[in-house]
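# Structural overview
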Amino acid sequence: MTKLKKTSRTKASDEALNAGSGQTIVQPNVNDNKVKSISDIREQTHGERTVQVDDEQRIRQAFVDKDWNEIKIADSWQIFKVMAEFVEGFEKMSKIGPCVSIFGSARTKPDNPYYQMAEEIAAKLVRHGYGVITGGGPGIMEAGNKGARSEGGKSVGLNIELPFEQFNNVYIDPDKLINFDYFFVRKVMFVKYAQGFIGMPGGFGTLDELFEAITLIQTKKIGRFPIVLVGTKYWKGMFEWIQQAMLEDEHNISPEDMDLVQLVDDAASAVKIIDDFYSKYLLSPNF
């Protein structure tokens, strides 16, 4: 344990609270009891690697002092990892031709109507000349790849490596499976090489991808490609809130921004929006 240097304000406050106690205020050193490896974690948890322990180590690590050499080495190597993911993605994705990205929850089961609808949408897209891009995992993503595979179309999987959670599904074309460590690199691939998005019901990851696309279109960083959300009942409440709170109450968006997304309830309507939009434009990457 070591004493931390205090500011005059903090020191005065401590002295007032402990006047006459005869005790010295000692703060814990953030480097004390620091776990240095995965082996240490497993030893402390008797082999059980829990999310709570991982979170605690991340929080502790944020307060650990590093010297300049450590910072430079770690950040430099991270840059190369990011570059490697971009290079692999660009090389593989540049050859796929016109595609539509389908995203949604990894937790959706095969007996769920939304799973079956995603599979149907993917099959229809392939019959209409598109390939299908998904996040590569289970649930809705699996349904999209399965539908594309069933019609002999291009089935692309942009898989993200997550602890305890995601694994790639078996319906991805072997030469079109890309594994990512970084969400932001993966999202670039979704947007750059898709001619449209089909959003199925999902969680935070689905919302992340949806609002990334909406923001890029709204700010004119990319072309205005179609975004279709399937499941009016699922999405309606959120867009009513956007209409009321963001647009009408606070004026944080423009009225025309509400037209960037269309809600449908069946596979035929979703695919028709994509077809109608691109009957007027050449198919090409968005940026």
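Residues numbered from 1 in each chain as written. Predicted model: local features only at pLDDT ≥ 70, side-chain atom pairs only at ≥ 80, totals over all residues. Heavy atoms only, no water.

Under an unreviewed UniProt entry, the chain has the name Cytokinin riboside 5'-monophosphate phosphoribohydrolase and belongs to Hymenobacter cellulosilyticus. What the UniProt record of the chain gives under Sequence similarities (unreviewed entry) is the line "Belongs to the LOG family." Word for word, the UniProt comment on the chain under Catalytic activity (unreviewed entry) is "AMP + H2O = D-ribose 5-phosphate + adenine". (UniProt positions renumbered as here; feature names shortened; annotations may be inferred.)

Bringing the pattern of salt bridges into the picture now. Per the stated rule, a full pass over the model turns up ten salt bridges. A salt bridge links K92 to E88; its shortest N-O distance comes to 3.4 Å. Taken together, the residues span about one helical turn, with K92 and E88 both in helix 4 (residues 68–93) at a distance of four residues. K176 is the partner of D175 in a salt bridge, and the nearest nitrogen-oxygen pair spans 3.3 Å. (Salt bridge = Lys/Arg side-chain N within 4 Å of Asp/Glu carboxyl O. Helix = DSSP H or I, 4+ residues; strand = E, 2+ residues; numbered from the N terminus.)

Right, let's get into helix 10 (residues 267–278). Between its first and last C-alpha atoms helix 10 spans 17 Å; for twelve residues at 1.5 Å apiece the expected length is 16 Å, and the two agree. Considered for burial, the residues of helix 10 that qualify are A267, A270, V271, I273, I274, F277 and Y278. Take helix 10 and look down its axis: the buried residues cluster within an arc of 150°, on one side only. Packing partners of the buried residues in helix 10 comprise strand 1 (99–103), helix 5 (113–127), strand 5 (197–199), strand 6 (227–230) and strand 7 (261–264). (Expected span 1.5 Å × (residues − 1). Buried < 20%, exposed > 50% of the residue type's maximum accessible area, 1.4 Å probe, protein only. Arc of directions from axis to C-beta. Contact = heavy atoms within 4.5 Å.)

Attention now moves to the packing of aromatic side chains. Summed over all chains, the structure comprises ten aromatic pairs. Site record: aromatic cluster; members linked through ring pairs are F86, F90, Y182, F184 and Y193. (Phe/Tyr/Trp six-rings, centres within 6.5 Å; stacked < 30°, edge-to-face > 60°.)

This part is about the environment of R186. Examined against the element boundaries, R186 turns out to sit in helix 7 (residues 183–192). A residue is classified by how much of its surface remains accessible, and R186, at 4% relative accessible area, is buried. In this structure, the C-alpha to C-alpha distance between R186 and G89, residues 97 residues apart in sequence, is 8.3 Å.

Further remarks concern the sheet that holds strand 4 (residues 177–180). With parallel pairing, the seven strands of this open sheet are ordered in space as 4-3-2-1-5-6-7. Looking at strand neighbours, the two that pair on one side only are strand 4 and strand 7, the edges of this open sheet. Adjacent strand axes in the sheet meet at a mean angle of 20° when their direction is disregarded. Here three bridges tie strand 1 to strand 2 (residues 131–134), and the two strands are oriented parallel to one another. Bridged to C99 within strand 2 is G131. (Pairing = 2+ DSSP bridges. Axes fitted to C-alpha atoms, helices over the stretch in contact; angles between N-to-C directions.)

This part covers the packing of helix 8 (residues 204–218) against helix 9 (residues 232–249). Here helix 8 crosses helix 9 at 45°, and the two axes come no closer than 14 Å. Relative to helix 9, the element helix 8 lies oblique. By crossing handedness, the relation of helix 8 to helix 9 is classed as right-handed. When helix 8 is examined against helix 9, the residues T206, L207, L210 and F211 are found in contact with a partner set consisting of W235, M238 and I242. Taken together, the residues of the contact of helix 8 with helix 9 break down into six nonpolar, one polar and no charged. (Parallel < 35°, antiparallel > 145°, perpendicular 65-115°, else oblique. Left-handed = near helix turned anticlockwise from the far one by under 90°. Nonpolar A, V, L, I, M, F, W, Y, C, P; charged D, E, K, R; others polar.)

Next up on the list: the side chain of T134. Relative to the elements of secondary structure, T134 occurs in strand 2. Exposure remark for T134: the relative accessible area of 0% places this residue in the buried category. At a separation of 2.9 Å, a polar atom in the side chain of T134 contacts the main-chain amide nitrogen of G136. T134 has contacts with I102, M141, G144, N145, V156, G157, L158 and F190, leaving out every residue within four places of it along the chain. (Polar contact = N/O pair within 3.5 Å; in protein donor to acceptor, adjacent residues only side chain to side chain.)

Before going further, it helps to examine the confidence of the model for the chain. With 71% of its residues at a pLDDT of 70 or more, the chain shows a mean pLDDT of 81. Confidence drops under pLDDT 50 across residues 44–50; counting only partners more than four residues distant or on other chains, this segment forms six contacts. (pLDDT = per-residue confidence, 0-100.)

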